Amino acid sequence: MERSPFGYALRALRDNRARAEAVGINAFGHLLLAFVISGALSGLAGALQGALQRSVFPDYLFWTRSAEAILATILGGSGVFLGPAI
């Protein structure tokens, strides 16, 4: 997906939104689609986690649960695939 036209459009929007809009990229549409895909995959991951553990607890909604992934990425490095896992 990174080398698809959609991926190139997202990369152009990340680098310079005004320039991307000037060459004809629909910024709102592409960003909305990226947001919808992200939300759908996150919802699927949450549903699979609940099914795998056979239980869902309210403490999963606390901010520290989402901070774990961010801290792992910061400490392990975002450019390395196995960095956050280590």
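Every value quoted in this text rests on a predicted model; they were computed, and no experiment measured them.

Considering the overall build of the protein
- Regarding its fold elements, the protein presents four helices and zero strands.
- Along the chain direction, N to C, the helices and strands of the protein fall in the order α-α-α-α.
- The globule rule puts the C-alpha radius of gyration for 86 residues at 12 Å, and the 17 Å found for the protein is more than 25% above it.
- When its C-alpha atoms are laid out on the principal axes, the protein stretches across 50 × 25 × 20 Å.
- Sorting the 86 residues of the protein into buried and exposed places 12% on the buried side.
- Here the analysis covers contacts within the protein between residues at least 6 apart in sequence; of these, 18% occur between residues at least 24 apart.
- Carbon and sulfur atoms make up 67% of the accessible area of the protein, which totals about 7,200 Å².
- The centroid of the 7 positive side-chain charges in the protein is displaced by 5 Å from the centroid of its 5 negative side-chain charges.

Looking at the packing of helix H1 (residues 5-15) against helix H3 (residues 27-53)
- Their axes nearest at 10 Å, the elements H1 and H3 cross at an angle of 110°. Taken together, H1 and H3 sit at an angle that is classed as roughly perpendicular. In this structure, H1 meets H3 at a crossing whose hand is left-handed. Contacts between H1 and H3 involve Phe6, Ala9, Leu10 and Leu13 from the former and Ala27, His30, Leu31, Leu33, Ala34 and Ile37 from the latter.
- Residues belonging to the contact of H1 with H3 are distributed by class as follows: nine nonpolar, one polar and no charged.

Notes on the packing of aromatic side chains
- Summed over all chains, the structure comprises one aromatic pair.
- Ring centres of phenylalanine 62 and tryptophan 63 lie 6.2 Å apart, and the angle between their planes is 50°; this geometry places the pair in the tilted category.

Remarks on the nonpolar core
- Counting five residues, the largest nonpolar core consists of Ala9, Leu13, Ala20, Ile25 and Ala27.
- Non-local contacts of isoleucine 25, meaning those with residues more than four positions away in its chain, are made with Ala9, Ala12, Leu13, Ala20 and His30.

Points about the confidence of the model for the protein
- Considering every residue of the protein, the mean pLDDT works out to 87; 97% of them sit at 70 or more.
- For the protein, per-element mean pLDDT is lowest for helix H4 (residues 63-76), which scores 82, and highest for helix H2 (residues 17-22), which scores 95.

Quick word on the pattern of salt bridges
- Within the structure shown, the criterion is met by two salt bridges.
- Arginine 14 serves as the salt-bridge partner of aspartate 15, at 3.3 Å between the closest nitrogen and oxygen.
- Under the relative-accessibility criterion, arginine 14 is labelled exposed at 61%.
- For arginine 17, the salt bridge is made with glutamate 21, and the minimal N-O distance between the two is 3.5 Å. A residue pair is termed a helical-turn pair when its members lie 3 or 4 positions apart in one helix, as arginine 17 and glutamate 21 do in helix H2 at four residues.
- With relative accessibility at 42%, the residue arginine 17 sits in the partly exposed group.
- A relative accessible area of 42% means that glutamate 21 is categorised as partly exposed.

Cut-offs used in this document
- Residues numbered from 1 in each chain as written.
- Predicted model: local features only at pLDDT ≥ 70, side-chain atom pairs only at ≥ 80, totals over all residues.
- Heavy atoms only, no water.
- Helix = DSSP H or I, 4+ residues; strand = E, 2+ residues; numbered from the N terminus.
- Rg over C-alpha atoms; globule rule 2.2 N^0.38 Å.
- Buried < 20%, exposed > 50% of the residue type's maximum accessible area, 1.4 Å probe, protein only.
- Contact = heavy atoms within 4.5 Å.
- Areas by Shrake-Rupley, 256 points an atom, 1.4 Å probe, with all protein chains shown as cover.
- Lys, Arg positive; Asp, Glu negative; His and termini not counted.
- Charge placed at Lys NZ, Arg CZ, Asp CG, Glu CD.
- Axes fitted to C-alpha atoms, helices over the stretch in contact; angles between N-to-C directions.
- Parallel < 35°, antiparallel > 145°, perpendicular 65-115°, else oblique.
- Left-handed = near helix turned anticlockwise from the far one by under 90°.
- Nonpolar A, V, L, I, M, F, W, Y, C, P; charged D, E, K, R; others polar.
- Phe/Tyr/Trp six-rings, centres within 6.5 Å; stacked < 30°, edge-to-face > 60°.
- Core = buried A, V, L, I, M, F, W, Y, C linked by side-chain atoms within 4.5 Å.
- pLDDT = per-residue confidence, 0-100.
- Salt bridge = Lys/Arg side-chain N within 4 Å of Asp/Glu carboxyl O.

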